[in-house]
Amino acid sequence: MQRALVVGGTGLLGYHTTQELLRRGYRVATLALPATDAPELPVEVDAHWGDLNLMTDGELADLLTGTDAVFFAMGADERTLPPAPASRFYYEANVVPTQRLARLARAAGVGRFIVFGSDTAEWGERWPELGFRTRNAYPRSRYAQEEVAVLEGDGAMDVMVLRLPYIFGVVAGQRPRWQAVLDAVASSGGPIPVLGGSTSAVTVRQVAQAAVGAMERGTHGSRYTLSAYELSHSQFLELCCEAVGRDPHDVAVVPLGDLLPTSEAREAEVQAVGREFGLHPADTALLGEKRAVGDVADTIALDVEPDDVLGEIRACLAWCVEHPRETVPA
C-alpha cells in the first residue's frame, strides 16, 4: 500500500484529497498549520502539525521518508493584498516552498509530486493581452511554481500540475471563499453589474479525484486544466441573489467600459496605501468578458466522475447563509 503526504491537509482541497486517498486504500500522512478551524482528521491519518517554512530540511526529510507521492495544496491566492511589490510576496508564498519541498522530495525518493495550481496560468497563455505573465504577480507566481516543480523532478520524480478553476464545497469549521461575494450582493442596492463572460466550475470532490488521478495516471510535466461545468458570471451572481433573498433579475450584464472606471479607482486606492493587487482589477475585468472554460478532456483523462456542480454551488452558498459570521459587540 502506497504512502501519500498531503501538505495543507486540513484545508478545503487537502482535506478532501486526504478523504479520497483513504477511500482508494492509500496510507496518508498530512502536514498542516495548527489552527482552531482545522477539521478533525480520520484516525487512520498520520497527522503532523507545523509550518513548512519554519521546519528544517532534516525535519522535512524525515517526514518524506517512505513517501511515494506528495500533494502540495498550500500557498497564497489572489485574494491577498500584500505590500508592493506583490511579486515578492507571491514568490515567497508560492514558489520558494514548492521548489524546496520538491527538491527534498526528489532526494527522499518520492516518485510523484502533484501541485495544486491555478487556471489563471491557462488563461494567461491563451490571452497574452491579460498580462498574466508580465504585470500580474499572482499568476506569475503560479507559472514559476509550475516550472520549478517540474525542473526539480526532471529525470527522477514525476510532477503534475492541476490548474484549478472555481471550486465549490465545504470543510467543517472553515468559511467558503464565496462568503465575500454573498456579502457584496446582500449589501449592494440597485442593479448588480456583471461582465458577460464565463468560467469553469468543479466540486471539491472532483478536485480530489483529479489529484489522485494525477498521481495514478498523470504524466510528468503535464498541466491539467479542470472543468466540469460552464458557469457564467451572471448565473453565479443570480445564484448568490437567490441565496440571500434578492431578485436574480437585479443582475445586469454590462459592457467592459462600464466597469473599468471602478476597477481603476480600486487600483488607485490600493496604490495609495502602498499595496498591490496580485491580479489587477482592470485585467480581472478583461478576463471577465471572456469564455474562460477549460477543455473537459483534461478532466476526463484523470478519471474524474460527473457531479452535481450546480447543486454543490447552491449548497455552498446556503451553508454561508445558514452559518452567519459572529458579530462583535460595539
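As a reminder, the structure under discussion sits directly above these lines.
For clarity, every value in this text was computed on a predicted model and none was experimentally measured. (Residues numbered from 1 in each chain as written. Predicted model: local features only at pLDDT ≥ 70, side-chain atom pairs only at ≥ 80, totals over all residues. Heavy atoms only, no water.)

Visitor: It is not clear to me how the overall build of the protein should be interpreted in this structure. Could you clarify?
Guide: Within the protein, the regular secondary structure consists of 12 helices and 13 strands. A compact globule built from 330 residues should have a C-alpha radius of gyration of about 20 Å, and the protein, at 20 Å, falls within 12% of that. By its C-alpha atoms, the protein is 60 × 50 × 40 Å across when sized along the principal axes. Looking at the protein as a whole, 51% of its 330 residues qualify as buried. Put simply, 79% of the contacts in the protein that link residues at least 6 apart link residues at least 24 apart. Counting only carbon and sulfur atoms, one obtains 53% of the accessible surface of the protein, whose full area is about 14,700 Å². (Helix = DSSP H or I, 4+ residues; strand = E, 2+ residues; numbered from the N terminus. Rg over C-alpha atoms; globule rule 2.2 N^0.38 Å. Buried < 20%, exposed > 50% of the residue type's maximum accessible area, 1.4 Å probe, protein only. Contact = heavy atoms within 4.5 Å. Areas by Shrake-Rupley, 256 points an atom, 1.4 Å probe, with all protein chains shown as cover.)

Visitor: I'm lost on the packing of helix 3 (residues 86–107) against helix 5 (residues 137–153) in this one. Help?
Guide: Helix packing geometry: the angle between the two helix axes and the distance between the axes. Contact geometry of helix 3 with helix 5 gives a least axis separation of 9 Å together with a crossing angle of 15°. One way to sum up the angle between helix 3 and helix 5 is to call them roughly parallel. The chirality of how helix 3 crosses helix 5 is right-handed. Of the residues in helix 5, those touching helix 3 at Ala86, Ser87, Tyr90, Tyr91, Asn94, Val95, Thr98, Gln99, Ala102, Arg103 and Arg106 are Ala137, Tyr138, Arg140, Ser141, Arg142, Ala144, Gln145, Val148, Ala149, Leu151, Glu152 and Gly153. Across the contact of helix 3 with helix 5, the residue classes tally to 11 nonpolar, 7 polar and 5 charged. (Axes fitted to C-alpha atoms, helices over the stretch in contact; angles between N-to-C directions. Parallel < 35°, antiparallel > 145°, perpendicular 65-115°, else oblique. Left-handed = near helix turned anticlockwise from the far one by under 90°. Nonpolar A, V, L, I, M, F, W, Y, C, P; charged D, E, K, R; others polar.)

Visitor: So what exactly am I meant to see when it comes to the pairing of strand 5 (residues 112–118) here?
Guide: In the case of a regular strand, side chains alternate between the two sheet surfaces. Strand 5 sits mainly inside the fold: 7 of its 7 residues count as buried. Burial along strand 5 is two-sided: the residues Arg112, Ile114, Phe116 and Ser118 and Phe113, Val115 and Gly117 are all buried. In the sheet, strand 4 (residues 69–72) pairs with strand 5 via 4 bridges, with the strands oriented parallel. Of the residues in strand 5, the one forming a bridge with Ala69 is Arg112. Crossover handedness for the path strand 4 to helix 3 to strand 5: right-handed. As paired strands, strand 5 and strand 6 (residues 158–164) are joined by 7 bridges and run parallel to one another. Within strand 6, the position partnered with Phe116 by the bridge is Leu162. (Pairing = 2+ DSSP bridges. Right-handed = clockwise from strand over helix to strand, strands pointing away.)

Visitor: How should the sheet that holds strand 6 be read in this particular structure?
Guide: Whenever strands of a sheet pair, they do so through backbone hydrogen bonds, lying parallel or antiparallel. Read from one edge to the other, the open sheet built from 7 strands follows the order 3-2-1-4-5-6-10, with strand pairing classed as parallel. The outermost strands of the open sheet, each flanked by one partner alone, are strand 3 (46–49) and strand 10 (223–225). Mean inter-strand twist for the sheet, computed between neighbouring axes without regard to direction, equals 20°.

Visitor: When you look at the environment of Glu122 in this model, what are you seeing that I'm missing?
Guide: Examined against the element boundaries, Glu122 turns out to sit in helix 4 (residues 120–126). Remark: the alpha-carbon pair of Glu122 and Gly294, spanning 172 residues in sequence, is separated by 8.3 Å. Setting aside anything within four residues of it in sequence, one finds Glu122 in contact with Arg163 and Thr225.

Visitor: Any chance you could explain the state of the cysteines here in plain terms?
Guide: Between two cysteines, a covalent bond joining their sulfur atoms is known as a disulfide. For the coordinates displayed, the defined rule picks out 0 disulfides. As a non-bridged cysteine, Cys241 has Cys240 as the owner of its nearest cysteine sulfur, 7.2 Å distant. Cys316 takes part in no disulfide bond, and the closest cysteine sulfur, belonging to Cys320, lies 5.2 Å away. (Disulfide = S-S within 2.5 Å.)

Just geometry here; none of it tells us what the structure is for.
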